[in-house]
Amino acid sequence: MNSIAFFKHPDARILFAKIDYALKDGVHIQNRPHQAHLFRFIEKNEESLKAFYEEFYGVYLTREGETVEKYYYIAFDHNSRGNIPLEHRYFFPNEYVIVAFMVYKIIYIDGYVDLSSVSKLQKIIRHDYEDLKPDLYRTLAKAKKDKTTKVHDENIDKIVSDALKEFAKIGWIILDNDTFDPLPAFTRITKMYSEYINNLEDWLGKDEIS
Amino acid sequence: MSGADFDFFSEITKENIYELLYPKKEVGLAIVWLYQRSSRGDFPDSTFKEADIHEALDSVRFRPKHQPQRNSIEYYNKIIADLQEYFIRYDDEKQVYRFKEYANEFCTRTLATLKANFDPTQIEKICKKLTKELIEAETKEKIKDWLSITFDEFKPVLRQQIDFIERQIDNSVLKLRQKINDNKQAKIVQNLKEIDDRFDDIRSQNKELRAAFREFSIIKKYLQERSMSIDDEEIGDLIYSTLQFFQEMKRLLSSVDNQLDRIQPKIKQLFSNLNKPLFNTNIERFLRFLLDNSQIKTEKSKKLLEFPFGISKVEILRQLIKFSIVERRKDLFPAKSLKKIRYSENQASKQKAQQNARNRFIRQDIINGYLNRIHIDLKKKSEVKFSDYFFEALYKNDLHLAVELAYRVIRDKKIYDWRLDLSTQNDYSKQSKNVAIRKMIIRRAK
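Computed from a predicted structure; not experimentally measured. (Residues numbered from 1 in each chain as written. Chains lettered and ligands numbered in written order. Predicted model: local features only at pLDDT ≥ 70, side-chain atom pairs only at ≥ 80, totals over all residues. Heavy atoms only, no water.)

Let's shift gears to the sheet that holds strand E9 (residues 436-444) of chain B. Residues and elements named next belong to chain B. An order of E7-E9-E8 is seen for the three strands of this open sheet, with the pairing classed as antiparallel. Here the strands that pair on one side only, and so sit at the sheet edges, are strand E7 (383-385) and strand E8 (418-428). Sheet twist, expressed as the average angle between the axes of neighbouring strands with direction ignored, equals 20°. The pairing of E7 with E9 spans three bridges and is antiparallel. Directly across from Lys385, in E9, lies its bridge partner Ile441. (Pairing = 2+ DSSP bridges. Helix = DSSP H or I, 4+ residues; strand = E, 2+ residues; numbered from the N terminus. Axes fitted to C-alpha atoms, helices over the stretch in contact; angles between N-to-C directions.)

Given below as structure tokens:
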């Protein structure tokens, strides 16, 4: 049966359990030094592993990105949730989604390509976007509009650093104390919401978007 | 004078020394103006006249506005007098001026920093020369000179090269951001491509610089070997600081590499985004929409952020299962140790016990004494009566000793080679008629 062909791979004994645990923990696996051996195994056994997860768990081993940006992760079906019990599914706090979009915007849209310090990121989010500031404080720090205090600043910093820790856990970034580096899988945040992003007008009606 | 005795700070704050070393802008610029003309060869013999200095000051537009024209000569004279302290030297025979070394340094340093010519081949050449000179420096004094003079002069040249690379990175990043902000430009992608190429250049420059630094490992090894055989504290310190310098350069070079490693993938992503400008705009609009329309809901005193209706949350698979490992941990459940009883030493009891032991030895000696007497007596007589010894022991010593003596006679008879004849009759003590033992005759066996 194809779905267990990867068991015969010589490295399966050493690597499969690690890969299986990582994937089921929501980790994105890409061709970067810290995951390279796992990535290569998946790449070599892609078809068989895909069949395995689909057949036994009802979830999908998914590949995204091209060439060096390629990454793998486990995705749910849009409609069913496969054989994964509810308690094994985890929802990102929505604040983290906002942090992810902010990081994406700062680096990949506004071009802060030299940004790799967590504390600098926190400062940029707090200071550099005047137009977004009131809503950032409202949504992330739970501050009432136009009334921000030092406590709110600290809340923002904490949410940002908590979010980065979570991103590091699922292989979106590498985090090392104050230093962070986005990995290819980080761009998945835009893909997750691409339905909305690509069809903003249709989805909301043209009037509602500023 | 050694560096330790010289207080740089207090020295420079004396009188107007600082002002003389760092003249005000107009004067500094005039020096640069002269330097540039001189290096172009405009002044024969590298000398210049007072009129040249005036021209320099005029050309940098130094003329106090509130002063009438005729007074400016006095100002110029004052400036020229000040400059003579560190910058220029007056040759009164020929009535010309020439630069002092400080002025040369002042200009060349600044020039090198600004011009920032990247020249790893130059570094490589200097490194090779340094190695050669070091190997030729055979005496202690020569090594010391190499460390404190030759190598020291070379340090700023190296640092400048790395500074230059770092500055290029910063400038390129800044330029990149400016171009993005200014994205009405039709040529943005092409512009950014140029910047990306610039990063590639910087990386290869860094690589070249690193290659030029290879010579360092030879110098380093040589210095380490030499330091083993030279027993001189000052040279030891100099070698140490030179090795530290190599470490610092190495760290700087790899930090440049790290910086580039971080920046370049992000630029690639930026490019792919620029090719789909609508997607970018939409991401920003979507983020704006989320920020504007998400609501804070309080649930069980916890504030939760809710996205506008219809927007799904990010769902991620996460195993909760952790293997239950039943383990008897040694640190939590250590083997029960047996209670150890420690007896405290009681000096009185100890002495008593020792005295008892000593007494027992003494008693053994006494018994042995009786046995020896019997033995000797048996050499004179053919037989002896045991009761004589027994009663003697009984009255001289005690009953206990006498009984022990009897036991020893019976036990050790073979050792002494005795024959014992017991009879049913009793021998009575002479002292007391109530005390008697069975009659026992001891004879020699042969």
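Here we take up the packing of helix H10 (residues 214-229) of chain B against helix H11 (residues 233-274) of chain B. Residue and element names in this part refer to chain B. Running from amino to carboxyl end, H10 crosses H11 at an angle of 155°, the nearest separation of the two axes being 11 Å. Considered as vectors, H10 and H11 are oriented roughly antiparallel to each other. Crossing angle aside, the handedness with which H10 passes H11 is left-handed. Touching Phe216, Ile219, Lys220, Leu223, Gln224 and Ser227 of H10 are Ile239, Thr242, Leu243, Phe246 and Gln247, all from H11. Its residues assigned to classes, the contact of H10 with H11 shows six nonpolar, four polar and one charged. (Parallel < 35°, antiparallel > 145°, perpendicular 65-115°, else oblique. Left-handed = near helix turned anticlockwise from the far one by under 90°. Contact = heavy atoms within 4.5 Å. Nonpolar A, V, L, I, M, F, W, Y, C, P; charged D, E, K, R; others polar.)

Formed by 60 residues in total, the largest nonpolar core has its most connected members in Phe101, Phe167, Trp172 and Tyr193 of chain A. Secondary structure elements with two or more residues in this core: strand E3 (71-75), helix H4 (94-109), helix H5 (118-127), helix H6 (133-140), helix H7 (150-169), helix H8 (188-192) and helix H9 (194-198) of chain A together with helix H12 (277-293) of chain B. In terms of residues, this core owes the most to one element, H4 of chain A, which gives 13 residues. Looking at which domains feed residues into this core, each of domain 1 (5-88) and domain 2 (94-203) of chain A gives three or more. Excluding residues within four positions of it along the chain, Tyr193 of chain A makes contact with Val97 and Phe101 of chain A together with Phe286, Phe307, Ile311, Ser312, Lys313 and Val314 of chain B. Core analysis: the next-biggest nonpolar cluster, separate from the first, contains 45 residues, Trp146, Phe164, Leu192 and Ile235 of chain B among them. (Core = buried A, V, L, I, M, F, W, Y, C linked by side-chain atoms within 4.5 Å. Buried < 20%, exposed > 50% of the residue type's maximum accessible area, 1.4 Å probe, protein only. Domains from an automatic or database assignment.)

Inspection of every chain in the model, using the stated rule, returns 41 aromatic pairs over all chains. On the numbers, 5.9 Å between centres and 35° between planes, the contact of Tyr193 of chain A with Tyr196 of chain A is tilted. Accessibility classification places Tyr193 of chain A together with Tyr196 of chain A in one group, the buried group. Ring centres 5.2 Å apart and planes at 85° place the aromatic pair Phe87 of chain B and Phe106 of chain B in the edge-to-face group. Of the two residues, Phe87 of chain B sits in the loop between helix H5 (72-86) and strand E2 (88-91) while Phe106 of chain B sits in helix H6 (residues 101-115), which places them 19 residues apart along the sequence. The exposure class of Phe106 of chain B is partly exposed, given its relative accessible area of 23%. Put simply, the rings of Phe6, Phe7, Phe16, Phe52, Tyr53, Phe56 and Tyr57 of chain A pair up and form one aromatic cluster. Its end group placed over the ring of Phe245 of chain B, Lys155 of chain B keeps NZ or CZ at 5.2 Å from the ring centre. (Phe/Tyr/Trp six-rings, centres within 6.5 Å; stacked < 30°, edge-to-face > 60°. Lys NZ or Arg CZ within 6 Å of the ring centre and 35° of its normal.)

A word on the sheet that holds E3 of chain A. Residue and element names in this part refer to chain A. Strand order across the open sheet formed by three strands is E1-E3-E2, with antiparallel pairing between neighbours. Edge positions in the sheet fall to strand E1 (29-30) and strand E2 (60-64), since each of these pairs with one other strand and no more. Across five bridges, E2 lies against E3 in antiparallel orientation. By the bridge assignment for E3, Leu61 is matched with Ile74. Helix H1 (residues 12-24) rests against E1, E2 and E3 of the sheet, and its axis sits at about 60° to E3.

Listed as interface residues are 45 residues of chain B and, on the opposing side, 60 residues of chain A. Here chain B and chain A share an interface that buries about 5,600 Å² over both sides, 61% of which is from carbon and sulfur atoms. Counting the surface chain B buries against chain A, the share from its top three residues, Glu315, Leu317 and Arg318 of chain B, is 15%. Ionic pairing is found between Glu284 of chain B and Lys105 of chain A, a salt bridge with its closest N-O pair at 2.4 Å. At the boundary of chain B and chain A, one finds 10 residue pairs in polar contact (both at pLDDT 80 or more). Of all the elements in the fold, those that place two or more residues in the side of chain B that touches chain A are helix H8 (140-181), H11, H12, strand E4 (295-299), strand E5 (302-306) and strand E6 (315-317) of chain B. In terms of residue class, the side of chain B that touches chain A is built from 23 nonpolar, 10 polar and 12 charged. The pairing of strand E4 (residues 89-91) of chain A with E6 of chain B spans three bridges and is classified as antiparallel. In the sheet register, Phe91 of chain A faces E6 of chain B, and the bridge partner there is Glu315 of chain B. (Buried area = accessible area lost by both parts, 1.4 Å probe. Salt bridge = Lys/Arg side-chain N within 4 Å of Asp/Glu carboxyl O. Polar contact = N/O pair within 3.5 Å; in protein donor to acceptor, adjacent residues only side chain to side chain.)

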